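# Tertiary structure, described
Each chain, written out:
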Amino acid sequence: MTGIGGCRSSGVLGASAIVSNENAKLISIHAAITIAGNDAVTIKVFNGTDNSGTEVARIFHSVTGHYNLEYDMHGVLCRSGIFLEVTEVGSSTANVSVEFN
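Throughout what follows, the structure given in this document is the object of discussion. (Residues numbered from 1 in each chain as written. Predicted model: local features only at pLDDT ≥ 70, side-chain atom pairs only at ≥ 80, totals over all residues. Heavy atoms only, no water.)

### Structural notes on the pairing of strand 3 (residues 24–35)
Taken together, the 11 bridges between strand 3 and strand 6 (residues 65–78) define a ladder with antiparallel strand orientation. Opposite serine 28, over in strand 6, you have aspartate 72 as the bridge partner. In the sheet, strand 3 pairs with strand 8 (residues 93–100) via 8 bridges, with the strands oriented antiparallel. Opposite alanine 31, over in strand 8, you have valine 96 as the bridge partner. (Pairing = 2+ DSSP bridges. Helix = DSSP H or I, 4+ residues; strand = E, 2+ residues; numbered from the N terminus.)

### As for the nonpolar core
One finds Leu26, Ile29, Ile33, Ile43, Ile82, Leu84 and Val96 to be the most contacted residues of the largest nonpolar core, which totals 23 residues. Among the elements of the structure, strand 2 (17–20), strand 3, strand 4 (41–47), strand 5 (54–61), strand 6, strand 7 (82–88) and strand 8 are those that each provide at least two residues to this core. Counting residues per element, this core draws most heavily on strand 3, which supplies 6 residues. Dropping the residues within four chain positions of it, valine 96 is found in contact with Ser10, Gly11, Val12, Leu13, Ile29, His30, Ala31, Ile43, Leu84 and Val86. (Core = buried A, V, L, I, M, F, W, Y, C linked by side-chain atoms within 4.5 Å. Buried < 20%, exposed > 50% of the residue type's maximum accessible area, 1.4 Å probe, protein only. Contact = heavy atoms within 4.5 Å.)

Below, the structure is given as structure tokens:
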């Protein structure tokens, strides 16, 4: 059960996954990204249970370093579920959590 102001979380994910398979409001996306050798990381969030739905958010980074990012999504409606797609090149990594109701 969620309380006022509370939300659910995917937990920290390091690979593509279905976050929710039901109607949901996308609250925020948190990403801890490590870029090695300028090898890119791309994070996409889709309205749906796979990457064929409407893309509602994208994070892309390719400059060597460590980054902590937060996207406030203001309750974007994802009526078909939420799917997270993580693409890492070389030894670059991304750890992502998706918060939703």
